[in-house]
Amino acid sequence: MTAIRTTGLTKSFGQLTAVDGVDLEVNEGDRYGVLGPNGSGKTTTVRMLLGLVHPTRGEIELLGNRRLQRALPHVGSLVEAPAAYGHLSGRANLTLMDAAGPGSPRRTRRHRVDEVLETVGLAAVGRRPVKTYSLGMRQRLGLAAALLRRPRLLVLDEPGNGLDPQGIREVRDLLLRLNAEGTTLFVSSHLLAEVEALCTRVAVLDRGRLVVQDDLAALRARTGRILVRTPDAATAVALLDGRLADRQGDRLLITAADPAALNAELVAAGLRIAELRPEVRSLEDVVLAATGPGSDRIA
Amino acid sequence: MIAVELRKLFRRPRTWVTLLLLDALPTIVAIFLAVTDVGPRPGEGPAFLAAVLSNGALFPAAALAIVLPLFLPIAVAVVAGDSVAGEASAGTLRYLLARPVGRTRLLAAKLLAVAAFILVAVVVVAGTAYVVGTHLFGSHPLPTLSGGPPLSGPAATTRIVLTVAYVGWSMLGVASVALFLSTVTDSSLGAALGALAVLVMSQVLVLLDAAAAVRPYLPTRYWLAFVDFFRTPILWHDIGRGVALQGVYVAVLLAFAWANFTSKDITS
């Protein structure tokens, strides 16, 4: 079953088309990452998925349901920044959040709240009001609220915000564990490394349009070229005449399908090979090739 | 959902400070009157105040008349103006709606919480005033404004209760203005001040003879009609008009608030 399917999803704010005919397809169990420069429509898309912004055109199907209100009880979310009532403690905030909306029996509420506080590492924070929390603690609290009802789908906008490297690692491990237990992850971020480390499927938005949607492995496929580093570069160039794609000092890029065959050929010719590996595109190359500058750059 | 909203409202220190301030003004007035024994001359100053010196049981009505023109509407406008806009500016609105809490449901819960606040505020003001008034000035059967036999016991209580209900209903009109504006803007302050601006405008026009043609339709026109509860027999004409007029304002503004909130893009 698909966790998220959108067809021709479009949102216009007056003259500006923030999201333009986006067809997302997220399968259940995916770790799906949405990348794009600032202003590319990531947040507007997330808001439409959560029923906060009404689409101008197009359809959304969430967890197999066209009626968002039916599906949303099974969705946990973190949109832009976390939010809480500053004068209340983290626990009181979660209790209020749990009591709002359907499907959260009062009898097991305390248990649920304790459980998510434990999960995100805030169990020992006590009765301090949220206004005294650090940015990272607020982010953890927001994540705790998203996890309250053991959602089948997590929609997270910039989940690493405000966390230190250790915290980012912790949250990533937590998300991987949840995913292994069956939770579908839909993560939007402008941090390539974060998505690369977490996700298996990647979409790229650019000025409201979906320009890439594919498995990460497929995107990072070999380019059909092989990188060779050798002290005998000049001899190699003469030998490989016509197959040489690029040369920078002792680094050669050679158009060839099979690295093993190329290696054998070079060694047979008596060349000394320092390094030889197939060239792979980085996610950064993919994204930069597919997108223009962010909307915050005023040309 | 309504339980959640009530908990939010009454766990906020601000709510209690507001109630305390609301109560403080009539109490201070009562203390000054009791200490100096100088009352306003009959027909001057807030309604009933002249009569209070001789009868503390009338003080609840006087206390409501004291807070009605400004204090009470400010308190109600602040609470109602904050209800949706406050959640929007804190960012909690998006998480509530994604929970999901239906928008109609959330708005209804907010309205009920504001109504509860109004009821508590009016009852507390009247209750405190009764205690303060009877202690400082002693209590007698209620005199009525139109001569007639004084009211005592249940009859007097009934009229105080009617007064509380009428003032509360008038304040629900204020709350509707603020609640509607609260769905329009993300700023609580903007919504509260907008509602107050409407009231000030209405008050100015009520006093302007040139605006006599629109006077019967101004929201504040019949606010003080509750004094008619203390006549024998009760003079229902203005009270009835007041109730109906506020009813129309409440219905129309809540319909606007609902239409706006349910169709709005939440970008906060």
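Worth saying up front: this structure is predicted, and the values here are computed from it rather than measured. (Residues numbered from 1 in each chain as written. Chains lettered and ligands numbered in written order. Predicted model: local features only at pLDDT ≥ 70, side-chain atom pairs only at ≥ 80, totals over all residues.)

With that settled, consider the overall build of chain A. Along chain A, the regular secondary structure elements total 11 helices and 14 strands. Dimensions of chain A, computed from C-alpha atoms along their principal axes, come out at roughly 75 × 45 × 40 Å. A burial count over chain A gives 39% of its 299 residues as buried. Sequence separation of at least 24 residues holds for 68% of the intrachain contacts in chain A that already meet a minimum separation of 6. (Helix = DSSP H or I, 4+ residues; strand = E, 2+ residues; numbered from the N terminus. Buried ≥ 20, exposed ≤ 12 C-beta atoms within 10 Å, placed from the backbone. Contact = placed C-beta atoms within 7 Å.)

Residues and elements named next belong to chain A. Here we have 6 strands laid out as an open sheet, ordered S6-S7-S8-S4-S9-S10, and mixed in their pairing. Of all the strands in the sheet, the pair left with one neighbour each is strand S6 (75-78) and strand S10 (209-215). Along the sheet, successive strands turn relative to each other by an average axial angle of 15 degrees, direction set aside. With 5 bridges joining them, strand S7 (residues 153-157) and strand S8 (residues 184-189) adopt parallel strand pairing. Residue pairing for S8: Leu 153 is matched across the bridge by Thr 184. (Pairing = 2+ DSSP bridges. Axes fitted to C-alpha atoms, helices over the stretch in contact; angles between N-to-C directions.)

So, about the sheet that holds strand S14 (residues 275-280) of chain A. All names here are of chain A. Taken in spatial order, the 4 strands line up as S12-S13-S11-S14 in an open sheet, and their pairing is antiparallel. In this open sheet, the two strands that pair with only one neighbour each are strand S12 (244-248) and S14. Averaged over all pairs of adjacent strands, the angle between their axes in this sheet comes to 20 degrees, without regard to strand direction. Of the strand pairs in this sheet, strand S11 (residues 222-229) and S14 are connected by 5 bridges, and their pairing is antiparallel.

Moving on, we come to the interface of chain B and chain A. Each partner contributes residues to the interface: chain B has 21 residues there, and chain A has 21 residues. Elements represented by at least two residues in the side of chain B that touches chain A include exactly helix H1 (2-10) and helix H6 (92-97) of chain B. Examining the composition of the side of chain B that touches chain A, we find that 5 residues originate from one element, H6 of chain B, more than from any other. When the residues that make up the side of chain B that touches chain A are grouped by side-chain class, the tally is 11 nonpolar, 4 polar and 6 charged. (Nonpolar A, V, L, I, M, F, W, Y, C, P; charged D, E, K, R; others polar.)

Residues and elements named next belong to chain A. For helix H4 (residues 109-120), with 12 residues, the first-to-last C-alpha span of 17 Å sits near the 16 Å given by 1.5 Å per residue. Looking only at H4, the buried set comprises Val 113, Val 116, Leu 117 and Val 120. Buried residues of H4, viewed axially, fall in a sector of 105 degrees; they line one side. Opposite its buried face, H4 presents the exposed residues His 111 and Glu 118, each directed more than 90 degrees away. Taken together, the buried residues of H4 touch helix H3 (90-99) and helix H5 (135-147). Positive backbone phi, at 80 degrees, marks Gly 121, one or two positions downstream of H4. (Expected span 1.5 Å × (residues − 1). Arc of directions from axis to C-beta.)

Residue Pro 100 of chain B follows Arg 99 of chain B across a cis peptide bond; omega there is 10 degrees. Despite not being glycine, Glu 80 of chain A has its phi angle at roughly 55 degrees, a positive value. In this structure, Glu 80 of chain A sits in the loop between S6 and H3.

In this section: the packing of H3 of chain A against H5 of chain A. All names here are of chain A. At their nearest, the axes of H3 and H5 sit 10 Å apart, and the two run at 30 degrees to each other. Relative to H5, H3 is oriented roughly parallel. Considering only the axes of H3 and H5, their crossing is right-handed. Every residue of H5 that contacts H3 at Gly 90, Asn 93, Leu 94 and Met 97 is listed here: Leu 141, Ala 144 and Ala 145. For the contact of H3 with H5, a count of residues per class yields 5 nonpolar, 2 polar and no charged. (Parallel < 35°, antiparallel > 145°, perpendicular 65-115°, else oblique. Left-handed = near helix turned anticlockwise from the far one by under 90°.)

Attention shifts here to the pairing of strand S1 (residues 2-13) of chain A. Residue and element names in this part refer to chain A. Judged from the 3 bridges that link them, S1 and strand S3 (residues 25-27) form a sheet pairing that is antiparallel. Counted as the bridge partner of Thr 2 is Asn 27 from S3. Summarising the sheet, S1 and strand S5 (residues 57-62) pair through 5 bridges and their orientation is antiparallel. Bridging across to S5, Arg 5 finds its partner in Glu 61. As paired strands, S1 and strand S2 (residues 16-22) are joined by 4 bridges and run antiparallel to one another. Of the residues in S2, the one forming a bridge with Ser 12 is Thr 17. The antiparallel hairpin formed by S1 and S2 contains 2 residues in its connecting segment, where Gly 14 sits at a positive phi of about 60 degrees.

We now examine the confidence of the model for chain B. A low pLDDT means the predicted coordinates there should not be read in detail. Per-residue confidence for chain B gives a mean pLDDT of 90; residues scoring 70 or more make up 96%. Scoring the predicted complex yields pTM 0.88 and, for the interface, ipTM 0.85. (pLDDT = per-residue confidence, 0-100.)

Quick look at the pairing of S8 of chain A now. Residue and element names in this part refer to chain A. Across the 6 residues of S8, 6 count as buried, placing the element largely inside the fold. Along S8, one buried face is formed by Thr 184, Phe 186 and Ser 188 and the opposite face, lined by Leu 185, Val 187 and Ser 189, is buried too. Examined bridge by bridge, strand S4 (residues 31-35) and S8 share 5 bridges and lie parallel to one another. Bridged to Val 34 within S8 is Ser 188. In this view, the connection linking S7 to its parallel neighbour S8 by way of helix H6 (residues 165-180) has right-handed handedness. (Right-handed = clockwise from strand over helix to strand, strands pointing away.)

This part covers the environment of Leu 271 of chain A. Of note, Leu 271 of chain A is situated in the loop between helix H10 (259-268) and S14. Discounting residues that sit within four places of it in the chain, Leu 271 of chain A has contacts with Thr 230, Asp 232, Thr 235, Ala 236 and Leu 266 of chain A.

Moving on, we come to the nonpolar core. Phe 59, Ala 62, Val 76, Ala 175, Ala 178 and Ala 195 of chain B are the most contacted members of the largest nonpolar core, which has 153 residues in total. Top contributing element to this core by residue count: helix H7 (residues 103-137) of chain B, with 16 residues. Residues within four places of Val 76 of chain B in sequence aside, it is in contact with Ile 118, Met 171, Val 174 and Ala 175 of chain B. In this structure, Ile 226, Ala 236, Leu 252 and Ile 254 of chain A belong to the second largest nonpolar core, which totals 6 residues. (Core = buried A, V, L, I, M, F, W, Y, C linked by C-beta atoms within 7 Å.)

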